[in-house]
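Architecture and fold: a report
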Amino acid sequence: MKIAKKATTFFLTFFIAAGMCFTAWAAGPGDTVNAPIPVTWSNLRLDASGMIGFEMQIPDGRKDLVPQYYEVNIEIKTTGNFVPNRTKKYKTSSLNVREDITFTKVGIYRFSVTCHFIGGDVSTGSAMEESPQCVVTEEYIINPDDDGPGYGPGGQGSNVGPGGGPGSGSGVTPSAMGKSAWYQDPVTKKWYYAATTGTWLKNTWYFINNNWYYFDNDCSMHTGW
């Protein structure tokens, strides 16, 4: 009986130890992280007038990769060294990106960009030090309230700027304002967004003040989801 008891104890001890080893071997969070996909960045652009752009070339053997969104980190230098300014996300499947951007502070700006692919893969980021720099002066500064809370859909104002959206008969174009801003057609009550480039957003997603919006073929903001 004593021998049987020792054998049972040894078997249980071995089983538990083996189970612990199996648990320790099982894949953990760190085992599921993929290595960054090496990509080539080119034509990086940053204009004080309100345009940011870049192109990405993925490896020939990874044509299956589809961009889900780009994460852009922006730095500013007012005095001394560059410091983080903000992070913007641009949702698009394109490899060639040109987007509107607003500046709210005088200084020298630069940026780096990383692509997040559908499925979870992430690209290598562009070098911040190699990005173009632009000097933003007072004439390019936009008050945060111009496209901030209270001026977008569901905000306080019923109409922003001196007119409505496209086709409202007001004759107002985005470039007439000279800056990005929300507009509401006084008749249809539809919302539109004018970019600093002088164009209405159309058939595209756009990230404005930490929210995604979709603009339809008539340039109006999509509603009903």
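It should be noted that the structure appears before, not after, this text.
A brief look at the structure comes next. What you see is a predicted model, and the numbers here were worked out from it, not measured in a lab.

What counts, and where the lines are drawn
Numbers given to residues run from 1 along each chain, matching the order in which its sequence is written. The predicted origin of the model limits local features to residues at a pLDDT of at least 70 and limits the giving and counting of side-chain atom pairs to 80 or more, whereas totals for whole chains, interfaces and linings rest on all residues. Excluded from the side-chain calculation are hydrogens and water; included are all heavy atoms of the structure. A helix here means a DSSP run of H or I that spans at least four residues, while a strand means a run of E at least two residues long, and both kinds are numbered starting from the N terminus. Exposure classes here rest on a 1.4 Å probe applied to the protein chains alone. A residue is buried below 20% of its type maximum, exposed above 50%, and partly exposed in between. Here a Phe, Tyr or Trp ring, Trp counted by its six-membered ring, pairs with any other such ring whose centre lies within 6.5 Å, and the pair is stacked when the planes are under 30 degrees apart, edge-to-face when over 60, and tilted otherwise. Paired strands, in this sense, are two strands between which DSSP finds at least two bridges. Here, axes are lines fitted to C-alpha atoms. For helices the fit covers the stretch in contact, and angles between N-to-C directions go from 0 to 180 degrees.

**Things to note about unusual backbone geometry**
- The phi dihedral of Asn-43 is positive, around 50°, even though this residue is not glycine.
- Position of Asn-43 among the secondary structure elements: in strand E1 (residues 40–47).
- In this structure Asn-43 comes out as partly exposed when scored by relative accessible area, which is 45%.
- The residue Asn-203 is not glycine, and still its phi comes out positive at about 50°.
- Along the chain, Asn-203 falls in the loop between strand E9 (191–194) and strand E10 (204–208).

**What to know about the packing of aromatic side chains**
- All told, the structure shown has seven aromatic pairs when counted by the stated rule.
- Residues Trp-41 and Tyr-70 carry aromatic rings whose centres are separated by 6.2 Å and whose planes lie at 70° to one another, so their mutual orientation is edge-to-face. In this pair, Trp-41 sits in strand E1 while Tyr-70 sits in strand E3 (residues 67–77), placing the two residues 29 residues apart along the sequence. Across the pair, exposure class does not vary: Trp-41 and Tyr-70 are buried alike.
- Relative to Tyr-206, the ring of Tyr-193 lies with its centre 5.9 Å away and its plane at 40°, an arrangement referred to as tilted. In this pair, Tyr-193 sits in strand E9 while Tyr-206 sits in strand E10, placing the two residues 13 residues apart along the sequence. Of the two residues, Tyr-193 and Tyr-206, neither departs from the other in class, the shared state being buried.

**What about the pairing of E9?**
- A two-sided burial pattern is seen for E9, the buried positions comprising Trp-191 and Tyr-193 on one face and Tyr-192 and Ala-194 on the other.
- Two strands pair when backbone bridges link them, and strand E8 (residues 181–184) and E9 are joined in this way by four bridges, in the antiparallel orientation. Bridge pairing in E9 places Tyr-183 opposite Tyr-192.
- Hairpin connection between E8 and E9: a loop of six residues separates the two successive antiparallel strands, and Lys-189 in this loop has a positive phi of roughly 65°.

**Re the sheet that holds strand E6 (residues 107–117)**
- Taken in spatial order, the four strands make up an open sheet running E4-E3-E6-E7, and their pairing is antiparallel. Two strands in the sheet have a free side with no partner beyond their single neighbour: strand E4 (83–90) and strand E7 (134–136). Going across the sheet, the axis of each strand differs from the next one's by a mean of 35°, ignoring polarity.
- One ladder, built from three bridges, connects E6 with E7; its direction is antiparallel. Residue pairing across strands places Gly-107 opposite Val-136, the latter belonging to E7.

**A few points about the sheet that holds E1**
- If you trace the three strands from one edge of the open sheet to the other, you get E1-E2-E5, paired in antiparallel fashion. The sheet is open, and its two edges are formed by E1 and strand E5 (96–100), each paired on a single side. Looking at each pair of strands side by side, their axes are set apart by 10° on average, direction ignored.
- Examined bridge by bridge, strand E2 (residues 51–57) and E5 share five bridges and lie antiparallel to one another. Residue pairing across strands places Glu-55 opposite Asn-96, the latter belonging to E5.

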